[in-house]
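This is what each chain is made of:
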Amino acid sequence: MSANRNEHSTPHDKLPIRMLHDRVLVRQETGEGERRSGGGILIPATAAVGRRLAWAEVVAVGQNVRTVEVGDRVLYDPEDRAEVEVRGTAYVLMRERDLHAVAADRFEGSEDSTGLYL
């Protein structure tokens, strides 16, 4: 395991910000505007159907973050967020415990994985 998780080579390595403790910085994948249903129906942004979680990409993590890495896709509640703008790009800052899930892409195909439920 790397001593510093921020050593990953991604385009976001040049961010002039360093996360502390259990903080996670993410970039939301989709806008909060219109979206399409699985059947192709356009759903306007004004159509509110309860609380909707959003996907985002992790761009930086603090030294105490244990379950997510830079580049992971995570699920979070856009209602519970603190936004910050860095170099003209909007990001969301949150604690690791406020993340609801991590996309399983990184875990699938891992030969040395012991499974998610041990």
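These numbers were taken from a predicted model, which means no experiment stands behind them.

This brings us to the sheet that holds strand 4 (residues 54-61). Reading across from one edge, 6-7-1-4-5-8 is the order of the six strands in this open sheet, with antiparallel pairing throughout. The sheet terminates laterally at strand 6 (82-86) and strand 8 (99-102), the two strands that pair on one side only. Neighbouring strand axes in the sheet, compared pairwise and without regard to direction, differ in orientation by 45° on average.

Moving on, we get to unusual backbone geometry. Positive phi values are uncommon outside glycine, yet histidine 21 reaches one of about 50°. Along the chain, histidine 21 turns up in the segment before strand 1 (23-28). What makes histidine 21 partly exposed here is its relative accessible area of 44%. In this structure, arginine 87 is a non-glycine residue whose phi angle is positive, near 50°. Within the fold, arginine 87 resides in the loop between strand 6 and strand 7 (89-95).

Here the focus is the side chain of glutamate 96. Mapped onto the secondary structure, glutamate 96 falls in the loop between strand 7 and strand 8. Arginine 66 provides the closest opposite charge to the buried, unpaired glutamate 96, separated from it by 5.5 Å. Looking at glutamate 96, its side chain comes within polar contact range of the main-chain nitrogen of arginine 66, at 3.1 Å. Side-chain polar atoms of glutamate 96 contact the side chain of threonine 67, separated by 2.5 Å. Apart from residues lying up to four places away in sequence, glutamate 96 is in contact with Asp22, Val24, Asn64, Val65, Arg66, Thr67 and Val68.

Conventions used here
Residues numbered from 1 in each chain as written. Predicted model: local features only at pLDDT ≥ 70, side-chain atom pairs only at ≥ 80, totals over all residues. Heavy atoms only, no water. Pairing = 2+ DSSP bridges. Helix = DSSP H or I, 4+ residues; strand = E, 2+ residues; numbered from the N terminus. Axes fitted to C-alpha atoms, helices over the stretch in contact; angles between N-to-C directions. Buried < 20%, exposed > 50% of the residue type's maximum accessible area, 1.4 Å probe, protein only. Lys, Arg positive; Asp, Glu negative; His and termini not counted. Salt bridge = Lys/Arg side-chain N within 4 Å of Asp/Glu carboxyl O. Polar contact = N/O pair within 3.5 Å; in protein donor to acceptor, adjacent residues only side chain to side chain. Contact = heavy atoms within 4.5 Å.

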